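Okay, here's what each chain looks like letter by letter:
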Amino acid sequence: MIQAEATSLATSSLAAGQAPERFRDPLCNLRRLGLEPHAAELDSYGFTIVEPGRAAAAGFVDEVLQQILAIAERHSGQRPDLQHADIHAGGSAWGQHLFYLLLEHPVFEQAMMNEVVLSLITYLLGESCVLSSMNSILKGPGTDFLPLHSDTAMVPAPYPAYAQVANATWLLTDYDRDSGALSFWPGSHKFCRTPTSREVADIERFVPVVAPAGSLVVWHGNTWHGAFPRQVPGLRVNLIIYFCRIYMQTQEWYRDRVSAEALARNDDRFRHLVGLENPYPFGTEGAPIEKIGHLSARTRSQSG
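Remember, it's a predicted structure, so these values are computed and weren't measured experimentally.

Engineer: Quick question: what am I supposed to make of the nonpolar core here?
Structural biologist: Proteins that are soluble and globular tend to have nonpolar side chains buried together. Residues Ile-68, Met-112, Trp-170, Leu-239 and Phe-243 are the most contacted members of the largest nonpolar core, which totals 56 residues. Ignoring sequence-local partners within four residues, the contact set of Met-112 consists of Leu-102, Val-117, Leu-118, Leu-131, Met-134, Ile-241, Phe-243, Phe-270 and Leu-273.

Engineer: Got a minute to help me understand helix H5 (residues 106–113) in this structure?
Structural biologist: Two residues of an α-helix separated by three or four positions point the same way, owing to the 3.6 residues in each turn. Within H5, 6 of the 8 residues are buried, which leaves the element mostly enclosed by the surrounding structure. Those residues of H5 that sit buried are Val-107, Phe-108, Glu-109, Ala-111, Met-112 and Met-113.

Engineer: Looking at this structure, I do not really get the sheet that holds strand E7 (residues 207–208). What am I missing?
Structural biologist: In a beta sheet, neighbouring strands are held together by backbone hydrogen bonds and run either parallel or antiparallel to one another. The antiparallel open sheet is built from 4 strands, whose spatial order is E4-E9-E6-E7. Here the strands that pair on one side only, and so sit at the sheet edges, are strand E4 (146–149) and E7. Pairing of strand E6 (residues 182–184) with E7 involves 2 bridges; the strand directions are antiparallel. Looking at E7, one finds that Phe-184 is bridged to Val-207.

Engineer: Honestly, the packing of helix H3 (residues 36–44) against helix H6 (residues 115–125) in this entry has me stumped. Any pointers?
Structural biologist: The geometry of a pair of packed helices is captured by two quantities: the angle between their axes and the separation between those axes. Between H3 and H6, the least distance of the axes is 11 Å, while the angle of their chain directions is 40°. One way to sum up the angle between H3 and H6 is to call them oblique. For the element pair H3 and H6, the recorded crossing hand is right-handed. Contact residues: H3 offers His-38, Ala-39, Leu-42 and Asp-43, while H6 offers Leu-120, Tyr-123 and Leu-124.

Engineer: Whenever I open this one, the packing of helix H4 (residues 58–76) against H5 confuses me. Can you help?
Structural biologist: It is at 10 Å that the axes of H4 and H5 come closest, and there the two elements cross at 130°. One finds that H4 runs oblique with respect to H5. Considering the relative orientation of H4 and H5, their crossing is left-handed. Packed against H4, whose contacting residues are Phe-60, Glu-63, Val-64, Gln-67, Ile-68 and Ile-71, the element H5 presents Val-107, Phe-108, Gln-110 and Ala-111 at the interface.

Engineer: Would you take a moment to explain the pairing of strand E8 (residues 216–220) for this structure?
Structural biologist: The side chains of a regular strand alternate between both faces of the sheet. Summarising burial for E8: 5 of the 5 residues are buried, a large majority. Taking every second residue as pointing to the same face, both faces of E8 are buried, with Leu-216, Val-218 and His-220 on one and Val-217 and Trp-219 on the other. In this sheet, E8 lies alongside strand E1 (residues 47–50) in antiparallel orientation, the contact comprising 4 bridges. Each residue of the ladder has a partner; that of Thr-48, found in E8, is Val-218. Taken together, the 5 bridges between strand E5 (residues 165–171) and E8 define a ladder with antiparallel strand orientation. Residue pairing in the sheet places Ala-168 in a bridge with Val-218 of E8.

Engineer: What is the right way to look at the pattern of salt bridges in this model?
Structural biologist: Working definition: two side chains of opposite charge can pair if their charged atoms are close together. Enumeration according to the criterion identifies 7 salt bridges in this entry. The closest approach of N and O atoms between Arg-32 and Glu-115, which form a salt bridge, is 3.1 Å. In this pair, Arg-32 sits in helix H2 (residues 28–33) while Glu-115 sits in helix H6, placing the two residues 83 residues apart along the sequence. Its relative accessible area of 52% is what places Arg-32 among the exposed residues. Here Glu-199 and Arg-193 are joined by a salt bridge, their closest N and O atoms 2.9 Å apart.

Rules of the game
Each chain carries its own residue numbering, running from 1 in the direction its sequence is written. The predicted origin of the model limits local features to residues at a pLDDT of at least 70 and limits the giving and counting of side-chain atom pairs to 80 or more, whereas totals for whole chains, interfaces and linings rest on all residues. For side-chain calculations, the full set of non-hydrogen atoms in the structure is used, while hydrogens and water are omitted. Each nonpolar core is a collection of buried residues, namely Ala, Val, Leu, Ile, Met, Phe, Trp, Tyr and Cys, held together in the definition by side-chain atoms within 4.5 Å. Only protein chains enter the accessibility calculation, which uses a 1.4 Å probe; a residue is then buried when its area is under 20% of its type maximum, exposed when over 50%, and partly exposed in between. Only heavy atoms enter the contact rule, under which two residues are in contact if any of them lie within 4.5 Å. Going along the chain from the N terminus, every DSSP run of H or I of four or more residues is numbered as a helix, and every run of E of two or more is numbered as a strand. Any two strands are treated as partners once DSSP identifies two or more bridges connecting them. Angular values range over 0 to 180 degrees, each being the angle between N-to-C directions of two axes fitted as lines to C-alpha atoms, with helices fitted over their stretch in contact. When an angle is under 35 degrees it counts as roughly parallel; over 145 it counts as roughly antiparallel; between 65 and 115 it counts as roughly perpendicular; any other value is oblique. Handedness of a crossing follows from how the near helix is turned relative to the far one, being left-handed for an anticlockwise turn of less than a right angle and right-handed for a clockwise one. By definition here, a salt bridge exists when the distance from a side-chain nitrogen of Lys or Arg to a carboxyl oxygen of Asp or Glu is within 4 Å.

Below, the structure written as structure tokens:
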């Protein structure tokens, strides 16, 4: 009885945020936001889909879409035909890629700092994770599948069971198989390796993401995924926010590029996510041992 009461008291304290930092409950924010079922799906399937309106209002997603279309137009000199395009970027399975979007407009900062995004990503990667890249794919009709792969690139197998990288993708248009949807091999994050050539060809195992615009898809970096070819006119558009653990090399370098205005608009976690709190690489003064120790304590996640 005493033990049960003590456990209940400890759980209540963790949920209320009263515990010391070294005992911070990784489920605290998930519980507050009602995201525990999504955490369970990340554990079981390696991915989860948060429905529209849960993470952000419809108007927010529309603004992100309009900003991406404007950026794509600046790059190509032609406004993308969202509804009627019969080809885009040569019909490539990769589509048209836009990079370094965090620097383009405050709405992209909001997309990263969204509390649902950060709560699920923190569950996978721990509080010390950083932004690796933010990009968008505008994909038109074509015939090629995006091959099955994992995002744990350049890491030898076997992978750790815990996530070293994780992805949060905002769907800016409706997704289904004919529209060229993202697809997953559920549970493949537990294999801790890349797919074989035979597995890459086994498209019957692909499960398409069927979800409306405004949905948020989050997945474990080990999870095998690809995409179906788009078979209908128009474009499939997304915003991909890719995170990694602090000890990994990021795909994009924001540390010297983020403006003072962006830093002023956001809280301290933004500074950390863009690399300003990263102790590496250090200068000739030597390693900042205290900072390294502090960040090591913040690497805890659900499994690593």
